[in-house]
Amino acid sequence: MDRELVRTVKLATKNHAGVLFRRAVRHLPHIVAVTALVAAAPRLSTLLAAAAAGGVGGGSTMRWARALWSDLAGELGPSAPALAVACWAAALAAYTYAASRPRPVYLIDLAGYKAPREHEASRAKTIAHFGRCGRFSGESMAFQKRMLERSGLGEATHFPTSLISLPVDMCLRTAREESHAVIFGVVDEVLRKSGVAAADVGVLIFNSSLLSPTPSFTSLIVNRYGMRPGVVSHNLSGMGCSAGIIAIDLAKRLLQVHENTYALVVSTENITLNAYMGNNRPMLVTNTLFRVGGAAILLSNRAADRRGRAKYQLIHTVRTHRGAHDQSFGCVTQEEDDAGEVGVSLSKELMVVAGEALKTNITTLGPLVLPISEQLRFLATVVLKRVFRADVKAYLPDFKLALDHFCIHAGGRGVLDELEKSLKLSPWDMEPSRMTLYRFGNTSSSSLWYELAYCEAKGRIKRGDRVWQIAFGSGFKCNSAVWRALRTVDAAGLDAGDNPWMKEVDMLPVDVPKVAPIDETSYQIPN
């Protein structure tokens, strides 16, 4: 898939050059006119004054123009053609530079999926249904209970009907039903909120790591909403929980090529076919973390959308891929266990791998966002350690000096604890990520958008604020996106249809203990 992205970016770059050339040709008359004005400027004021005094031709436009040319040619002599060429080249260079600058990319609106109430499952209900499915040993059940007690998940996360029915109904039909409900729910909402017609969307990107049916989900969306035949669509799969930022980065690159259009990004994961029903312990962890969720994000490169309509401007995207390292490549893998059951295995080295990927990512991102004082401090410690071999602790820049809000992928409590410590963040900074994990669980690539929606629902987003989204995914990848708020988001103007948090935002945050015992007697499966 990454090779496909490389080819896409190369094609986009080639198309970009073609777009610049066509623009230059289209605006050639303007360039020539500007050149003539620049060349004539040194004498225009003198000749205009002479014309006003009656010294040039007594009102004849042709005689005035000939006088202008003769005067310029007489004064410049043989250098007149050279000056004209130089002025034309300067004007062309200035235009090309201005036209080649990346177009700003704006986020118009976003939507997060909130499943109906009948899909909510308390932790006791989760354990009860796992026990009734008949495929787990007593040791596996005890392990899943311990993991769930330490997971940071709350009592109202969402499961698909296929996994909370008896017996479980894991098949392609129910998997499609789950994905269709999420996709149509968020796309309907984001189009309604933005007021943009589906026919106006020029770029469509969908990502789901573990389910990629035929026809693709992008084809499903095009068919459902009657999108135009020329829509540029990409269906990303197998790219893990960080695929949401990868999709944003791809959309940004495509919006540099396709003028005056919108890009729709849809991020989700399918749970139905990816619950693990075996007894391999590294594969059981995913059962306690992953839940139903999804998000739709509408982007634009239209200059008119910046004023009043767009919420954010995309400032930076930084992608880090450590797949060349065997340890990183193999730390999150989908495979079969000895009994033939398919699941996603999480390696014990996951936290180490994630730390290395984060370090590489922020090393690239830091110079783009940090104030010069923080950069100099970081550089000083590097010089002391590598040049003078001094025994000094590496300096970790204070990202809170440059960024106001942190949306860290809610992959699990251990991941959030480690990043809170590593980046020296406060409980307030971590609140959107911890509450997303508590209320919605790990929704894979869409978790970052629940976190941003939480910030909006709490009234945290003020004009000029910068938001840092950090995502981790198999491969192993760490990807970042930095947004700047173009306007203050008024939480008082939001309702339940605008934001998945609105019905319960006043009750949050809640304290989530390190270990929250599960009372299995609190839920009994109906006969």
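Scroll up to find the structure.
Residues numbered from 1 in each chain as written. Predicted model: local features only at pLDDT ≥ 70, side-chain atom pairs only at ≥ 80, totals over all residues. Heavy atoms only, no water.

S.K.: Explain the overall build of the protein chain to me, please; I cannot follow it from the model alone.
M.R.: Scanning the protein chain from terminus to terminus reveals 17 helices and 13 strands. Looking at the 527 residues of the protein chain, the share that counts as buried comes to 50%. Taking the intrachain contacts of the protein chain between residues at least 6 apart in sequence as the baseline, contacts between residues at least 24 apart amount to 80%. Working note: accessible area of the protein chain is about 24400 Å², and carbon and sulfur atoms make up 57% of it. (Helix = DSSP H or I, 4+ residues; strand = E, 2+ residues; numbered from the N terminus. Buried < 20%, exposed > 50% of the residue type's maximum accessible area, 1.4 Å probe, protein only. Contact = heavy atoms within 4.5 Å. Areas by Shrake-Rupley, 256 points an atom, 1.4 Å probe, with all protein chains shown as cover.)

S.K.: Is there a simple way to think about the packing of helix α16 (residues 427–440) against helix α17 (residues 447–457) in this case?
M.R.: The angle between the axes and the distance between the axes are what describe a pair of packed helices. Between α16 and α17, whose axes approach to 9 Å, the crossing angle comes to 115°. Note that α16 runs across α17; the crossing there is right-handed. On α17, the residues touching E431, P432, S433, M435, T436 and F440 of α16 are S447, Y450, E451, Y454 and C455. Within the contact of α16 with α17, the residues separate by chemical class into 6 nonpolar, 3 polar and 2 charged. (Axes fitted to C-alpha atoms, helices over the stretch in contact; angles between N-to-C directions. Left-handed = near helix turned anticlockwise from the far one by under 90°. Nonpolar A, V, L, I, M, F, W, Y, C, P; charged D, E, K, R; others polar.)

S.K.: When you look at unusual backbone geometry in this model, what are you seeing that I'm missing?
M.R.: Backbone phi values are negative for most residues with the exception of glycine, while trans is the configuration of most peptide bonds. Cis geometry is adopted by the peptide bond preceding P167, which originates at L166 and carries an omega value of -5°. Mapping P167 onto the fold places it in the loop between α7 (161–164) and α8 (172–194). The phi dihedral of K424 falls on the positive side, at around 55°, and the residue is not glycine. Along the chain, the position of K424 falls in the loop between α15 (413–422) and α16. For K424, a relative accessible area of 53% gives the class exposed. Within the chain, S444 stands out as a residue other than glycine whose phi angle is a positive 60°. Within the secondary structure layout, S444 lies in the loop between α16 and α17. Of the residues examined, S444 reaches a relative accessible area of 2% and is grouped as buried.

S.K.: Just checking my understanding: could you explain the nonpolar core for this structure?
M.R.: One recurring pattern in soluble globular proteins is that nonpolar side chains are buried together. Ranked by internal contacts, the top residues of the largest apolar core, which has 134 residues, are L264, L299, W468, W483 and W501. The biggest single contributor to this core is helix α10 (residues 243–255), with 9 residues. Apart from the residues lying within four places of it in its own chain, the contact partners of W468 are I362, L365, F399, L403, H405, F406, C407, L423, S480, A481 and V482. (Core = buried A, V, L, I, M, F, W, Y, C linked by side-chain atoms within 4.5 Å.)

S.K.: Would you explain helix α9 (residues 217–225) in this entry?
M.R.: Quick reminder: α-helices carry 3.6 residues per turn. Residues three or four places apart thus point the same way. Those residues of α9 that sit buried are F217, T218, L220, I221 and Y225. Each buried residue of α9 lies within a common arc of 155° when the element is viewed along its axis, so the set occupies one face. Check the buried side of α9 and you find it contacts α8, β4 (201–207), β5 (232–236) and β6 (262–268). (Arc of directions from axis to C-beta.)

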